[in-house]
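# Structural overview
Residue strings, one per chain:
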Amino acid sequence: MSQEFSVFNPPKRTLMGPGPSDVSPAVLNALSKPTLGHLDPQFVSLMDDVKSLLQYAFKTKNTLTMPISAPGSAGMEACLANLVEPGDKVIVCQNGVFGGRMYQNVIRCGGEAVLVEDPWGEQTKLDKLASALKAHPDAKIVAFVHAETSTGVMNDAQALCQLAREHGCLTLVDAVTSLAGSELRVDEWGIDAIYSGSQKCLSCVPGLSPISFSEAAIEKIKGRKTPVQSWFLDMDLVMGYWGKGAQRAYHHTAPVNSIYALYESLRLVHQEGLENAWNRHQQNHIKLKEGLASIGLTLAVDEAYCLPQLNAVTIPEGVDDKVVRSALLNDFNLEIGAGLGQFAGKVWRIGLMGHTSNEDNVNYCINALKTVLE
Ligand code: PLP
């Protein structure tokens with residue numbers, strides 16, 4: 001081939017979209033450390049620390065807590081593929097894109113999916129879930145998204161879990177956008193299966209999905225009559241590698257350097273303190289909201305349940321969504337997100353996740369938006 005390929009040098013952007021968020025220099029530095037073998041004792045010891053830090057971030061004592069070597073979508077599939085057996089009835093709450101993906105996954109696992117729908121931009125209503133639980137006493141699982149990134153809505157995970165458990169259901173929660181950005185208490189709230197993503201409020205590189213399963217969830221998996229359809233995501237097999245130190249055996253080649261990065265990002269969350277991180281996200285959200293108001297922009301979601309780490313901003317009448325986003329990217333190296341699905345062309349999604357969530361970025365974004373909109 002005669003074509004020359006030059007070294008790729010990405011521009012330095014400020015990532016204020018729906019993820020990935022800006023990766024902190026310490027995490028990028030960790031990524032570039034020498035690669036170890038995936039069964040090297042030093043790496044195995046790091047895996048134990050990653051598990052402990054994930055237990056800290058999820059606020060759980062669950063022993064089955066680890067990162068899946070693939071993005072958040074794989075975490076979703078891991079939870080559903082392991083917990084849902086053909087014929088199982090699963091209630092899925094949907095008020096945005098990602099609840100819809102859970103629904104599709106249940107069907108692909110051979111489950112019977114019951115949808116509880118609420119309008120985009122609103123919370124999942126407890127009374128609707130209560131009616132569905134009454135109408136379907138044979139339901140085994142309730143699944144929902146904690147922080148719906150497509151709309152900027154926070155669902156009341158604690159209340160939804162309590163209701164589900166009162167009806168004897170296991171709870172399955174998408175925490176891709178909430179982990180380390182908003183209050184989340186796996187054990188206290190009674191969450192049985194949960195998955196997240198490395199690229200949002202953890203500010204790690206994309207491509208890993210922290211997950212955690214309760215003892216009740218493990219019991220359901222152990223009691224399966226049919227094998228988990230996915231070999232790669234079968235928790236029984238994955239645990240051979242992520243389980244107790246000395247017994248570890250090859251399952252797949254772990255993304256070793258990405259695990260270094262995840263460790264560093266979790267270490268930084270631990271250093272800051274989880275509650276402090278939640279609080280920082282909330283404070284910067286308030287500053288962003290005030291800044292938006294000062295240039296005549298408003299949030300599309302009620303403050304009572306809007307996400308601090310993902311702000312859906314109503315695009316003013318007559319303003320071209322794409323022109324604004326392109327100007328921000330090209331003139332300010334600033335990425336904000338477009339609306340998804342029903343919200344396409346109607347909202348911008350401004351992320352303040354993890355390392356990105358700071359006052360300088362809030363001011364930078366407001367000033368850039370002001371200039372572009374003038
Ligand atoms: N769930 C939610 C709430 C998300 O925001 C995303 C990604 O944006 C996903 C699941 C899928 O994660 P990934 O893109 O890492 O596969």
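Residues numbered from 1 in each chain as written. Predicted model: local features only at pLDDT ≥ 70, side-chain atom pairs only at ≥ 80, totals over all residues.

Let me state the cut-off plainly: UniProt positions are given in the numbering used here, feature names are shortened, and annotations may be inferred rather than shown by experiment.
You'll find the chain entered in an unreviewed UniProt entry as Alanine--glyoxylate aminotransferase family protein, with Fluctibacter corallii given as the organism. Under the UniProt heading Cofactor (unreviewed entry), the note attached to the chain is "pyridoxal 5'-phosphate". Recorded in UniProt for the chain, the comment headed Sequence similarities (unreviewed entry) runs: "Belongs to the class-V pyridoxal-phosphate-dependent aminotransferase family."

## Comments concerning the site of the ligand
Stated precisely, the cut-off is as follows: Nearness here is judged by the C-beta atom: place it from the backbone, and if it falls within 6 Å of a molecule or strand, the residue counts as near that partner. Residues are grouped as follows: Ala, Val, Leu, Ile, Met, Phe, Trp, Tyr, Cys and Pro are nonpolar; Asp, Glu, Lys and Arg are charged; all remaining types, including Gly, are polar.
The ligand sits among 13 residues. The nearest are P71, G72, S73, T149 and V176. Partitioned by chemical class, the residues of the shell around the ligand number six nonpolar, six polar and one charged.

## Regarding unusual backbone geometry
Here is the rule we go by: Secondary structure follows DSSP: runs of H or I at least 4 residues long count as helices, runs of E at least 2 residues long count as strands, and numbering of each begins at the N terminus. Comment: burial labels come from other C-beta atoms within 10 Å of the residue's own C-beta, placed from the backbone, where a count of 20 or more is buried, 12 or fewer is exposed, and between is partly exposed.
For the bond running from G19 to P20, omega is 5 degrees, close enough to zero to count as cis. Looking at the secondary structure, you find P20 in the loop between β1 (14-16) and α1 (25-31). Residue S203 is not a glycine yet carries a positive backbone phi of 55 degrees. Tracing the sequence through the fold places S203 in the loop between β9 (193-195) and β10 (209-213). We classify S203 as buried; it has 28 C-beta atoms within 10 Å.

## Side note on the sheet that holds β1
Test applied: Strand pairing follows a simple DSSP-based rule, namely that at least 2 bridges must link the two strands. Axes, fitted as lines to C-alpha atoms, cover a helix only where it is in contact. Angles between the N-to-C directions of the axes lie from 0 to 180 degrees.
With mixed pairing, the four strands of this open sheet are ordered in space as β1-β12-β13-β11. Strand pairing shows two members of the sheet lacking a second neighbour, β1 and β11 (310-314), which therefore form its edges. Neighbour-to-neighbour, the strand axes of this sheet turn through a mean angle of 35 degrees, independent of strand direction. Both β11 and strand β13 (residues 347-351) contribute to a ladder of five bridges, which runs antiparallel.

## Here we look at the sheet that holds β9
To keep it simple, the criterion reads: Contact between residues is assigned whenever the C-beta positions, reconstructed from backbone atoms, fall within 7 Å.
Reading across the sheet, the seven strands line up as β2-β10-β9-β8-β5-β3-β4 and stay open at both edges, with mixed pairing between neighbours. The open sheet is flanked by β2 (64-68) and β4 (112-117), the only strands paired with a single partner. Sheet twist, expressed as the average angle between the axes of neighbouring strands with direction ignored, equals 15 degrees. Across the sheet, helix α3 (residues 72-83) touches β2, β5 (141-145), β8 (170-174), β9 and β10, and the angle it forms with β9 is around 165 degrees.

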